[in-house]
Amino acid sequence: MKLTGARILMECLREQKVDTIFGYPGGTILNVYDALYDCKEITHILTSHEQGAAHAADGYARSTGKVGVCFATSGPGATNLTTGIATAYMDSSSVVFISCNVPQNLIGRDAFQEVDITGITMPITKSTYLVRDVTKLADTVREAFALARSGRPGPVVIDITRDVTSAECDYEPLPLEQHAASGHLASLIRRAYTSSLKMPEADLDDVEKLVEMIAESKKPMLICGGGVVRSRAHEEFRQFVRRIDAPVAITVMGGGGVSGRDVMTTGMIGMHGSVASNMACDNCDLLIAVGCRFSDRVALKPETFAHQAKIVHIDIDRAEINKNVQTDHHIIGDAKQVLNLLLERLPQYEHKEWKDFVLSFPRETEYGESESVLTPKQVLSAIARKCPQDSIVATDVGQHQMWAIQHLHFDYPGQLLTVDIRRQRHMADAVENIQHRAFIIKFDFKQCAVARGHCCVNTFVIAQQQFCARFWRFRGANMRKNAFVVEHPFNQHFNLAAAGFTPKQARRDHAGIIKNQKIAGVELIK
């Protein structure tokens, strides 16, 4: 059947089973939005800025495991996506960014709102495409989605010239299962010996060697990284932990890869890690890191990191091997696949003495508690008790981010979305728009972009005292759900909890003090 480029794009998104798109319209992409208007099974979330759309699509991808989709127009609309694209690239999040450029005859002529977005984003994407021929549009979209989700996930940019969206050509529907065997995508897979479109197969000799290393180890330790979350290998990882009977530390990106409530979990590792995690790292004789990039927050001094241990790195991306920490052995492959191969070969082990030693140390940051101050753990424990256990949490970056990860325990992949101050509201909104409970942890009002009248999720702000009176300047009448404030002075001890405000008055209504992890007076969360 003969369709316009805009309609072909919508049909290709249907093939990919896309149900949600985040975007902000503009002149060159209007034909696509006209076609989207007639596509009732796809929900479009309008953001107030293209950067917000980019981060929302990223949050959607992280929380659901699906490919996120984002729309933007040419010029400044496309360049506003770059921070969101870079974030998705650094954190291996599968998002397809679709923009429209000026007509083909104006490309390279410095036309109004023309920009080379494919060139700009090339270093921060898995691939970029400039579509100038309507007959190649369907193949390009299918290839982009396959590339975004396969191997180590990441962002892909498709830039379509405006004339392509209005041009017509024949379109043949193709089920998703047949994409890898058809068109340009099939030829790419066939002729590539190694490709981002191919899932690397783990070397069985490497797997067998690790099985031998585990058999020889008396003090094994595991690190759960972001690769476990991206691969949705949490169940296999849980079985692996039990099978080798080893304590497991968690990176920030690995939150939810193993339950924070698991008795084998030692908490975060590294600069902001627990005593238990760092003592285990210093004393283990075998360290197995799954999907972990050994960032400078985990391995502060790479040359002395786990100095008594043989280090094994399991990762889907060969470029990560020996990049930050020199390893004794590695396995290249998808976390889920490698863990299944190991589980098939490993007997049950028991390391009671070693495990008791590690778990004798604190697994969370400990604070001196008194009735005159609140500790981060008390505040976050109160929030956790009031929120459903499967709530999705978004934080921006800072001390409160570390507190949230240390004291809120995540049970499944995608439950933690950790972002910077400009991203978190859009990520949490993305989750809320797929009918899942979410809340945000923020630091103070001077950065409080989240509370400007657009927030649609529960917001908890840990605020410095002098900024509390400014809240109502930011808080709009159309905030659809509650925001709650917990004050702290500069010494980082909390001294009160404020749970309600009168919008016509710049004053605080004290809600009571949390004492011994109990809420006195009015409840913190109404």
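Residues numbered from 1 in each chain as written. Predicted model: local features only at pLDDT ≥ 70, side-chain atom pairs only at ≥ 80, totals over all residues. Heavy atoms only, no water.

Draft legend 1. Focus on empty space enclosed by the protein. Across all of its chains, the model carries two cavities of 30 Å³ or more by this definition. In this structure, the largest cavity spans a volume of roughly 90 Å³. Along the walls of the largest cavity sit Arg62, Val229, Arg230, Val252, Met253, Gly255, Gly414, Leu416, Leu417 and Thr418, which together make up its complete lining. Those elements giving two or more residues to the lining of the largest cavity turn out to be α11 (226-230) and β16 (416-418). Top element by residues in the lining of the largest cavity is β16. It accounts for three residues. (1 Å grid on protein atoms, 1.4 Å probe; cavity = no way out; pocket = protein on both sides within 12 Å on 5 of 7 lines; lining within 4 Å. Points joined across faces, edges and corners; volume = space filled by probe spheres on them. Helix = DSSP H or I, 4+ residues; strand = E, 2+ residues; numbered from the N terminus.)

Draft legend 2. Focus on the sheet that holds strand β2 (residues 20-23). Strand order in this open sheet of six strands is β3-β2-β4-β5-β7-β6, and the pairing throughout is parallel. Looking at which strands have only one partner, the edges of the open sheet turn out to be β3 (43-46) and β6 (127-131). The average angle at which neighbouring strand axes cross in this sheet is 20°, direction not considered. With two bridges connecting them, β2 and strand β4 (residues 68-72) associate as parallel partners. (Pairing = 2+ DSSP bridges. Axes fitted to C-alpha atoms, helices over the stretch in contact; angles between N-to-C directions.)

Draft legend 3. Local environment of the packing of aromatic side chains. Here the structure, examined in full by the defined rule, presents five aromatic pairs. On the numbers, 6.0 Å between centres and 25° between planes, the contact of tryptophan 354 with phenylalanine 357 is stacked. With tryptophan 354 and phenylalanine 357 both in helix α15 (residues 352-359) and three residues apart, this pair spans about one turn of that helix. Feature note: the residues Trp354, Phe357 and Phe361 constitute an aromatic cluster, connected by ring pairs. (Phe/Tyr/Trp six-rings, centres within 6.5 Å; stacked < 30°, edge-to-face > 60°.)

Draft legend 4. Structural detail: the pattern of salt bridges. Counted by the stated rule, this structure contains 23 salt bridges. With a shortest N-O distance of 2.8 Å, glutamate 15 and arginine 142 are connected by a salt bridge. In this pair, glutamate 15 is assigned in helix α1 (residues 5-15) and arginine 142 in helix α7 (residues 137-149), connecting sequence segments 127 residues apart. Salt-bridge contacts for aspartate 91 lead to arginine 62; the nearest nitrogen and oxygen are separated by 3.0 Å. (Salt bridge = Lys/Arg side-chain N within 4 Å of Asp/Glu carboxyl O.)

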